[in-house]
Amino acid sequence: NTSCPVLMGKNAVLCCPPIALKYLIIITWEIILRGQPSCKKGYRKETNETKETNCTDERITWVSRPDQNPALQIRPVAITHDGYYRCIIGTPDGNFHRGYHLQVLVTPEVTLFQSRNGAVVCKAVAGKPAAQISWIPEGDCVTEQEYWGNGTVTVKSTCHWEGHDVYTVTCHVSHLTGNKCLSTKLNSGLRTSGSPALSSLRIILYVKLSLFVVILVITGFVFFQRINDVSKFL
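Because the structure is a prediction, the values reported are computed rather than measured. (Residues numbered from 1 in each chain as written. Predicted model: local features only at pLDDT ≥ 70, side-chain atom pairs only at ≥ 80, totals over all residues. Heavy atoms only, no water.)

### Looking at the pairing of strand β8 (residues 83–91)
Buried residues dominate β8, accounting for 8 of its 9 residues. Relative to β8, strand β3 (residues 26–33) runs antiparallel, the two being bridged by 8 bridges. Bridge pairing links Leu33 to Gly83 in β8. Taking the residues between adjacent antiparallel strands as the criterion, β8 and strand β9 (residues 94–105) are bridged by 2 residues. (Buried < 20%, exposed > 50% of the residue type's maximum accessible area, 1.4 Å probe, protein only. Helix = DSSP H or I, 4+ residues; strand = E, 2+ residues; numbered from the N terminus. Pairing = 2+ DSSP bridges.)

### Details of the pattern of salt bridges
A side chain of one charge can pair with a side chain of the opposite charge if their charged atoms are brought near each other. Applying the stated rule across the entire model yields 7 salt bridges. Among the salt bridges present, the one from Glu30 reaches Arg86, with a minimum N-O distance of 2.7 Å. Of the two residues, Glu30 sits in strand β3 while Arg86 sits in strand β8, which places them 56 residues apart along the sequence. Among the ionic contacts, a cluster of salt bridges with common partners joins Glu30, Lys40 and Arg86. (Salt bridge = Lys/Arg side-chain N within 4 Å of Asp/Glu carboxyl O.)

### Comments concerning the nonpolar core
Ranked by size, the top nonpolar core spans 24 residues in total, and within it Ile27, Trp29, Ile31, Ile60, Ile74 and Tyr85 carry the most contacts. Elements with a minimum of two residues in this core: β1 (2–7), β2 (12–14), β3, β4 (39–44), β6 (60–62), β7 (72–74), β8 and β9. No other element matches β3, which puts 4 residues into this core. Residues contacting Tyr85, with those up to four places away along its chain left out, are Leu14, Trp29, Glu30, Ile31, Leu33, Ile60, Leu72, Ile74, Arg98, Gly99, Tyr100 and Leu102. Residues Leu112, Ala124, Ala131 and Val155 belong to the second largest nonpolar core, which totals 17 residues. (Core = buried A, V, L, I, M, F, W, Y, C linked by side-chain atoms within 4.5 Å. Contact = heavy atoms within 4.5 Å.)

### Quick look at the environment of Leu176
Its location among the elements puts Leu176 in the loop between β15 (168–174) and β16 (180–185). With 171 residues separating them along the chain, Leu176 and Pro5 place their C-alpha atoms 9.0 Å apart. For Leu176, the contacting residues outside a window of four places in its chain are Gln103, Leu105 and Pro129.

### Thoughts on the pairing of strand β10 (residues 109–114)
Side chains Val110, Leu112 and Gln114 of β10 all project onto a buried face; the interleaved residues Glu109, Thr111 and Phe113 project onto a face where none is buried. Pairing analysis gives 6 bridges linking β10 to strand β11 (residues 120–127), with the strands arranged antiparallel. By the bridge assignment, Thr111 is partnered in β11 with Lys123. Taken together, β10 and the strand that follows it, β11, pair antiparallel across an intervening segment of 5 residues, in which Gly118 is found at a positive phi of about 95 degrees.

Set out below in structure tokens:
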């Protein structure tokens with residue numbers, strides 16, 4: 001048995017054991033797909049006949065005439081083709097097998113954005129298998145996964161960089177179909193934002209400081225005004 005990852009939308013060719021065709025008696029392909037009855041495609045050399053049982057997907061066919069090339073082809077590969085495929089060749093010396101665990105790969109759609117509260121969100125949408133997300137620099141992150149009925153997975157990573165002088169962050173998405181990096185500059189007003197309680201405390205301190213400065217200016221003005229009045233009186 002062989003693991004066979006194939007990108008969705010591409011073509012796949014699955015070969016039988018390397019047996020000289022002059023020795024073959026019968027060829028059988030067994031196809032077991034998720035949630036579907038087992039499909040069998042067969043060829044008997046003696047009668048030069050092909051036969052199919054429970055095979056409804058027209059994208060899965062012989063590459064050519066089975067007596068010339070018994071390989072199976074899938075054109076194009078869809079997400080529903082995830083499953084197990086086995087070729088059995090019967091000869092006077094016995095049966096020879098070759099199996100494939102076909103894994104359909106789906107490239108995730110990657111997005112990166114900054115929310116209003118300053119968090120940065122990186123999403124790898126509807127990938128198969130699930131993508132892995134990492135950050136540069138590392139932050140305080142929460143990762144969630146959402147599974148869909150077709151076998152794909154959406155991965156979302158939400159990160160904060162409170163109390164750090166961070167200007168640019170990079171989201172790195174790792175996947176069997178290829179890796180992708182997206183970067184974004186943090187908004188200046190949110191770059192070093194802390195927790196809501198800390199932000200509220202800063203606001204209060206700023207207000208108090210502003211009031212203190214105003215009172216200090218008024219007090220100084222009144223003080224100098226009185227000195228000026230006394231000078232005129234003398």
